[in-house]
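The chain contents come next:
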Amino acid sequence: YAASLMSGLLPSQHGIGDYSKNADGFENNILNKQLISLPENFKSKEFMTFCSATASRFNSKIGFSKGFDDYFQVNKNFDINKPKMDWLLNGLNSFKGFDKFFLMHLDFLHEPYFSFSDGKKPFSFSLKELSKNDQDFNVYGYKRGLEELDQELGLLMNYLDDKSELNRTLIVLTGDHGNGINWEKNSDFSLYDERLRVPLLIKYPSYINIKNKNLNNPVSSVSEIHEILNSFLGINLSKEIKILPQYSETYKDYVFSEVIMMPRKDKKRHSLSVIYKDYKYVCSNIIDWKNFKVEKKVDESLFKRDSKSSNFNEEEDLTLFEKNDYLDHLRKIAYSAIDLNLNFQRKYPPNKY
C-alpha cells in the first residue's frame, strides 16, 4: 500500500510487494527512479515535506523516504516511540508560515491491539476481556483502537481551529484496508468486501470550490487522492499515467484493486478485482514477472451487491450458478487492464535499493 500511496500506481504497475524480504535489509526493490513520487511533487512546488510511519513496510530501505525533508519510522505499533499526533503538531508549530505536506501513518487498528509496553502506560482494561473468545476480544480491542484514533484526530482539529488554520488546510484521511476484525490474513481470497471498503474522508480548504460527487459511486482511493493532490498543486498527470486503468476515461466506470505476490508470499501470484455497477469480478493469476505476462489463469468469481446492505454477497459466486452477461464483459475489462499494467511495469520496473 505504501508504494501505491507514494506513486498513485497499482501494485502490478509499480511491482513492489515482495514482503518475503526483510524490510530492514538491502535486498528490497524500490519504485523505479524515473517515477516521481507524491512528496517530490510537493517539493517541486516549494513545500516542506515530512513523514512519520509505523510498520516495517514504510522502511526507508524500501525507498519511501525519497522526497521527504524529514522521515521518522518505527517497525512495530507497540514501539514506545511510535508516531502520535504530537509529532505532527510539533511540525505545524515549528514551521509556521511555510507551505507544508505531512504524511502520517497512525497505527491503532492493527493487532496486537493490547500490549504491556511502556508506551501504553498508564493504561488499564478489564482482565475479564482476556478470557473472551477471539472474536469478542478482537472487537473490544478494535473499539479501543478507534477511540485512541478519534482522540488523536481531535488534537489535530482543535489545534488547527485554535490557530485559525483549519480553513486553510487540506486534510485527507484514509486507510490501507478496511475493517480488519474478520480478516483472515494471507487467505487465497483477499479482495473481499471488508478489505476493499476503505475509509476516504477529504476536507478541502475554504478557498477551493469542489462539487460534491455522488457518494454512491465507488472510487479508487489511491488514484482519487493523487488526482486531488496533483490538481491542488496545479500538476497535470503525464500522458503515460492518464492511460492507465485507474485514470483513463476508457475505464472511468470501473474501480480496480489488486494484490500481488500473495497469498502466503507466493512471488508469482496476483489477484485483481473490478467493481462495475452492482457487480464485482475477481480473478487470480500466476504472473511471469520477468516477461511481464499472465502465465496462468487460476480462478475467477463474480459477486452481486446486496441492495439492502450495499455490500457484495460474497457467499454466492455467480460463476457457479448461471451464465451472466457481466461475467464475460468484466473478464475482458480485467485482463485488458492487467495487460496495460504489466506493459507499464515493463517500461518502469522496480529498481534495487
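Caption draft 1: Up close: the overall build of the chain. For the chain, the helix and strand inventory stands at 9 helices and 11 strands. Taking 20 Å as the expected radius of gyration for a compact globule of 353 residues, we find that the chain reaches 21 Å, a close match to that expectation. Burial analysis of the chain (353 residues in total) assigns 46% to the buried set. Within the chain, contacts between residues separated by at least 24 positions form 62% of all contacts whose residues are at least 6 apart in sequence. If you sum the accessible surface of the chain, you get close to 19800 Å²; carbon and sulfur atoms cover 48% of it. Computed over 49 positive and 49 negative side-chain charges, the separation of the two mean positions in the chain equals 4 Å.

Caption draft 2: Highlighting unusual backbone geometry. You will see that A55, though not glycine, has its phi angle at about 125 degrees, which is positive. Following the sequence through the fold, A55 ends up in the loop between β2 (48-54) and β3 (70-74). Although it is not a glycine, S164 sits at a positive phi angle of roughly 60 degrees. In this structure, S164 sits in the loop between α5 (134-162) and β5 (171-174). The exposure class assigned to S164 is exposed, which follows from its relative accessible area of 59%.

Caption draft 3: Highlighting the packing of aromatic side chains. Taken as a whole and assessed by the stated rule, the structure comprises 15 aromatic pairs. On the basis of an interplanar angle of 25 degrees and a centroid distance of 4.6 Å, the ring pair of Y254 and Y276 is categorised as stacked. Here Y254, found in the loop between α8 (239-242) and β7 (255-260), pairs with Y276, found in strand β8 (residues 269-276); they are 22 residues apart in sequence, far enough to count as distant. With respect to class, Y254 is no different from Y276; both count as buried. Taking 6.1 Å as the distance between ring centres and 55 degrees as the angle between the ring planes, the aromatic pair formed by Y276 and Y326 counts as tilted. Of this pair, Y276 sits in strand β8 while Y326 sits in helix α9 (residues 325-347), and the two are 50 residues apart along the sequence. Connected via pairs of aromatic rings, a cluster forms that spans F42, F47, F68, Y71 and F101. Between the NZ or CZ atom of K297 and the centre of the ring of Y335, over which it lies, the distance is 4.2 Å.

Caption draft 4: Inspection of the nonpolar core at higher detail. The biggest cluster of nonpolar side chains holds 25 residues, and the ones touching the most others in it are Y254, F256, V274, Y281 and L330. Going through the elements one at a time, β7, β8, β9 (279-288) and α9 are the ones with two or more residues in this core. Among the elements that make up this core, the one with the highest residue count is α9 (8 residues). The residues contacting F256, other than those within four sequence positions of it, are L10, S220, P245, Q246, Y251, L272, S273, V274, I333 and A337. If you look at the next biggest cluster of nonpolar residues, it comprises 23 residues, including M6, I16, L31 and L38.

Caption draft 5: Region of interest: α9. With 23 residues, α9 extends 34 Å between its outermost C-alpha atoms, agreeing within 8% with the 33 Å of an ideal straight helix rising 1.5 Å per residue. For α9, the full list of buried residues reads L327, L330, I333, A334, Y335, A337, I338, N341, L342, F344 and Q345. Where α9 is buried, its residues touch α2 (11-14), α8, β7, β8, β9 and β10 (293-304).

What counts as what
Residues numbered from 1 in each chain as written. Predicted model: local features only at pLDDT ≥ 70, side-chain atom pairs only at ≥ 80, totals over all residues. Heavy atoms only, no water. Helix = DSSP H or I, 4+ residues; strand = E, 2+ residues; numbered from the N terminus. Rg over C-alpha atoms; globule rule 2.2 N^0.38 Å. Buried < 20%, exposed > 50% of the residue type's maximum accessible area, 1.4 Å probe, protein only. Contact = heavy atoms within 4.5 Å. Areas by Shrake-Rupley, 256 points an atom, 1.4 Å probe, with all protein chains shown as cover. Lys, Arg positive; Asp, Glu negative; His and termini not counted. Charge placed at Lys NZ, Arg CZ, Asp CG, Glu CD. Phe/Tyr/Trp six-rings, centres within 6.5 Å; stacked < 30°, edge-to-face > 60°. Lys NZ or Arg CZ within 6 Å of the ring centre and 35° of its normal. Core = buried A, V, L, I, M, F, W, Y, C linked by side-chain atoms within 4.5 Å. Expected span 1.5 Å × (residues − 1).

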